[in-house]
Amino acid sequence: MSSSIACISYKDGKVFIAKRQMKGDMGGRWEFPGGKIEKGESFELAIVREMQEEFGVEVKVGEKITSGTFEHSGKKCFLDVFEVFFPHDGIKKAFTLTEHDDYRWASLEEIPELDFVDSDLSVYPDVAAWLRKKYC
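I will try to describe carefully the structure that is included in this document. (Residues numbered from 1 in each chain as written. Predicted model: local features only at pLDDT ≥ 70, side-chain atom pairs only at ≥ 80, totals over all residues. Heavy atoms only, no water.)

Below, the discussion takes up the overall build of the protein. Counting its secondary structure elements, the protein contains 2 helices and 8 strands. Reading the protein from its N end, one meets helices and strands in the order β-β-β-β-β-α-β-β-β-α. The globule rule puts the C-alpha radius of gyration for 136 residues at 14 Å, and the 14 Å found for the protein is close to it. Structurally, the protein occupies a C-alpha span of about 40 × 30 × 30 Å along its principal axes. Considering the protein as a whole, with its 136 residues, one finds that 46% of them fall into the buried category. In the protein, of all internal contacts separated by at least 6 residues, the share reaching a separation of at least 24 is 64%. When the accessible area of the protein is evaluated, it comes to approximately 7500 Å², of which 50% is carbon and sulfur surface. Charged side chains of the protein number 19 positive and 25 negative; the gap between the two group centres comes to 2 Å. (Helix = DSSP H or I, 4+ residues; strand = E, 2+ residues; numbered from the N terminus. Rg over C-alpha atoms; globule rule 2.2 N^0.38 Å. Buried < 20%, exposed > 50% of the residue type's maximum accessible area, 1.4 Å probe, protein only. Contact = heavy atoms within 4.5 Å. Areas by Shrake-Rupley, 256 points an atom, 1.4 Å probe, with all protein chains shown as cover. Lys, Arg positive; Asp, Glu negative; His and termini not counted. Charge placed at Lys NZ, Arg CZ, Asp CG, Glu CD.)

Another aspect to go through is the sheet that holds strand β6 (residues 60-72). Reading across the sheet, the 4 strands line up as β5-β1-β7-β6 and stay open at both edges, with mixed pairing between neighbours. Lying at the two open borders of the sheet, with one neighbouring strand each, are β5 (34-36) and β6. The mean angle between the axes of side-by-side strands here comes to 20 degrees, regardless of whether they run parallel or antiparallel. Where β6 lies against strand β7 (residues 75-85), 10 bridges are found, and the strand directions are antiparallel. Across the sheet, the residue bridging to Glu71 is Lys76, located in β7. Sitting on the sheet, helix α2 (residues 118-135) touches β1 (2-8), β6 and β7, and the angle it makes with β6 is about 150 degrees. (Pairing = 2+ DSSP bridges. Axes fitted to C-alpha atoms, helices over the stretch in contact; angles between N-to-C directions.)

Turning to the side chain of Ser4, a few remarks are in order. With respect to the secondary-structure elements, Ser4 resides in strand β1. What makes Ser4 buried here is its relative accessible area of 10%.

Shown next, in the form of structure tokens:
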């Protein structure tokens, strides 16, 4: 079974989301950024590596928010969700995109309305509840 991570960054009432490039079966859809955990990697190392590769920034890893399972191409996959802290918001100084065409900060209410990847939508209720409890 494969194991993936999703990263949640929350600032000024909004969550950081990214739009996947138009390739693969989830191309063009929004997501909480993250990726697969490589063999022998800890959650923290995977998160730092993925955010460096995908956005060109070094993040600080916060606490685990939730976890879940989803099916991809007929295989069961694990998804662990962590809070991350970016060194800046990517607005004044843009992030370097390698896997995404766009990114933005979205309200919690907007996320279910967007064309979001199914695996992230499956953990969205837990993420929203955790963020509201911690920040609102």
